[in-house]
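Report on the structure
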Amino acid sequence: MITSPPHSANRRSEHPSTPYVDLSRAEWSALRDKTPLPLSAAEVEQLRGLGDVIDLDEVRDVYLPLSRLLNLYVQATGELRGALNTFLGEAGGGQGEQPGTPFVIGVAGSVAVGKSTVARLLQAMLARWPEHPRVERVTTDGFLLPMKELQARGLMARKGFPESYDRRALTRFVADIKAGKDEVTAPVYSHLIYDIVPGERLTVRRPDILIVEGINVLQPALPGKDGRTRVGLADYFDFSVYVDARPEDIERWYLNRFRKLRETAFQNPASYFRKYTQVSEEEALEYARTMWRTINKPNLLENVAPTRGRATLVLRKGPDHKVQRLSLRKL
Ligand SMILES: Nc1ncnc2c1ncn2[C@@H]1O[C@H](COP(=O)(O)OP(=O)(O)O)[C@@H](O)[C@H]1O
Ligand SMILES: CC(C)(COP(=O)(O)O)[C@@H](O)C(=O)NCCC(=O)O
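Residues numbered from 1 in each chain as written. Chains lettered and ligands numbered in written order. Predicted model: local features only at pLDDT ≥ 70, side-chain atom pairs only at ≥ 80, totals over all residues.

A closer look at the overall build of the protein
If you tally the helices and strands in the protein, you get eight helices and nine strands. Considering only intrachain contacts with a sequence separation of at least 6, the fraction spanning at least 24 residues in the protein is 70%. (Helix = DSSP H or I, 4+ residues; strand = E, 2+ residues; numbered from the N terminus. Contact = placed C-beta atoms within 7 Å.)

Laid out in structure tokens, this is it:
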């Protein structure tokens, strides 16, 4: 966990030994009163329509102030861009005015910690701000190696580990977005077939904000074959969020999600996991437990959790998914 001084549960602490400002939920949620764009009843209804199980107090207390914080960062980046253009103009180097590039937000954390839910909510809430109505979201699973390739490399039990992705293509994707390209495409992963969808691409067309969500987004690049250090995708982030919780809680959420999927999406005859609808719930859950203990938990401990200290903001959830503490990078 991010180091915090003792007895700081209800008091904002700016401890010199950590680069974070630590805030309790109560301190953070008080900021919602200073948010100039409160949620109307109709918008609350619309957010409910996202199909997430999220508690609406959580939306108001945690995600509304967070959307304001991000709105401030986006605006400040625009001001910095203006200063940079003045500088480049004065330098007279022929570079001319640099048009804006999308503001890129990374959302990291374990499998089943709630990244997609956070990212979907942020997408909907950030789009309400007049300064940045076009918000798009991509997940890094599109950059997993196709199943055939994972099988050939003996990586089927390492899905989600850094070596199971085409990290170069992923980094190139984010680099192209930050280069300001008009159109950038990404492959698409399907949880239904448990594989990359052949021939399908997702297109991103210069949104105001792009949210990039995935377990490994804060990981430094793997060294190349020549052993040299490379640029990683997080080098292109303007802001990043790490969603944190106790592994025991995440395991429970993972199993609950598996149980729900078994009753819904797995029933589809095309589902890779259909076989788990044909056995008893206990047998199916035993399989999910094995997946957690042998793949997702080791990946969390070895590769995901160590990247927490790279995030701009850490959201620490309690056993009920509610955010209990927040740590925000000092500037
Ligand atoms: N704020 C929340 N409140 C209640 N349940 C949640 C919340 N966030 C996520 N969940 C549930 O936890 C599980 C994992 O969340 P999900 O967003 O799918 O995780 P991830 O994208 O990190 O794998 C899902 O079953 C989801 O419905
Ligand atoms: C697809 C994932 C690797 C996560 O992808 P992400 O979008 O975070 O890059 C993960 O959800 C997954 O399927 N893991 C394999 C083990 C399992 O099925 O739980």
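So, the pairing of strand β7 (residues 239–244)
Taking burial as the measure, the six residues of β7 include six buried ones, the bulk of the element. Neither face of β7 is exposed, since F239, V241 and V243 on one face and S240, Y242 and D244 on the opposite face are all buried. Direction of pairing for strand β2 (residues 103–109) relative to β7: parallel, over a ladder of five bridges. Bridge pairing in β7 links I105 to F239. Pairing of β7 with strand β8 (residues 313–317) involves four bridges; the strand directions are parallel. Paired with V243 across the bridge in β8 is L315. (Buried ≥ 20, exposed ≤ 12 C-beta atoms within 10 Å, placed from the backbone. Pairing = 2+ DSSP bridges.)

Topic: the sheet that holds β8
One open sheet holds the seven strands; their spatial order is β1-β9-β8-β7-β2-β6-β3, and the pairing between them is mixed. One side of each edge strand has no neighbouring strand; the edge strands of this open sheet are β1 (20–24) and β3 (135–139). With direction set aside, neighbouring strand axes in the sheet form an average angle of 20°. Across five bridges, the pairing between β8 and strand β9 (residues 323–329) is antiparallel. Its bridge partner lying in β9, K317 is registered against V323. On top of the sheet, helix α4 (residues 115–126) reaches β2, β3, β6 (209–213) and β7; it is set at about 175° to β6, its chief contact. (Axes fitted to C-alpha atoms, helices over the stretch in contact; angles between N-to-C directions.)

Some thoughts on the UniProt feature "domain: Phosphoribulokinase/uridine kinase" (unreviewed entry) in the protein
On the UniProt side, "domain: Phosphoribulokinase/uridine kinase" (unreviewed entry) is annotated at positions that read residues 104–247 here. Helix makes up 22% of residues 104–247 and strand 27%, with an end-to-end C-alpha separation of 28 Å. (UniProt positions renumbered as here; feature names shortened; annotations may be inferred.)

Quick word on α4
In a regular helix each residue adds 1.5 Å, so 12 residues correspond to 16 Å; α4 covers 16 Å between its end C-alpha atoms and thus fits that length. What α4 keeps buried is the set K115, V118, A119, L121, L122, A124, M125 and L126. (Expected span 1.5 Å × (residues − 1).)

Observations regarding the UniProt feature "binding site: ATP" (unreviewed entry) in the protein
The sites that UniProt annotates as "binding site: ATP" (unreviewed entry) are G109, S110, V111, A112, V113, G114, K115 and S116. Position of G109 among the secondary structure elements: in strand β2. When near neighbours in sequence (up to four residues on either side) are disregarded, G114 contacts V243, K317 and H321.

What about the site of ligand 1?
Surrounding ligand 1, one finds 15 residues, the nearest of these being G114, K115, S116, R257 and H321. Of all the elements in the fold, those that place two or more residues in the shell around ligand 1 are α4 and α7 (247–263). (Near = placed C-beta within 6 Å.)

Some remarks on the site of ligand 2
The immediate surroundings of ligand 2 are formed by V111, T139, T140, D141, K159, G160, G214, I215, M291, I295 and N296. In terms of residue count, the dominant contributor to the shell around ligand 2 is helix α8 (residues 281–304) (three residues). For the shell around ligand 2, a count of residues per class yields four nonpolar, five polar and two charged. (Nonpolar A, V, L, I, M, F, W, Y, C, P; charged D, E, K, R; others polar.)

Comments concerning the pairing of β3
Most of β3 sits out of view: four of its five residues are buried. Alignment of β3 against β6, held across five bridges, turns out to be parallel. If you follow R137 over to β6, its bridge partner there is I211.

Points about unusual backbone geometry
Its identity is not glycine, yet Y194 carries a phi of approximately 65°, on the positive side. With respect to the element layout, Y194 can be found in the loop between β4 (184–190) and β5 (195–204). Although it is not a glycine, R206 adopts a positive phi angle of roughly 40°. With respect to the helices and strands, the residue R206 is situated in the loop between β5 and β6.

Description of the packing of α7 against α8
Put simply, α7 and α8 touch, their axes get as near as 10 Å, and they point 140° apart. Between α7 and α8, the angle is such that the two are oblique. Every pair of crossing elements has a handedness; the one defined by α7 and α8 is right-handed. Counting all contacts with α7, which are made through P247, E251, Y254, L255, F258, R259 and R262, the residues of α8 involved are A284, L285, A288, R289, W292, N296, K297 and L300. (Parallel < 35°, antiparallel > 145°, perpendicular 65-115°, else oblique. Left-handed = near helix turned anticlockwise from the far one by under 90°.)

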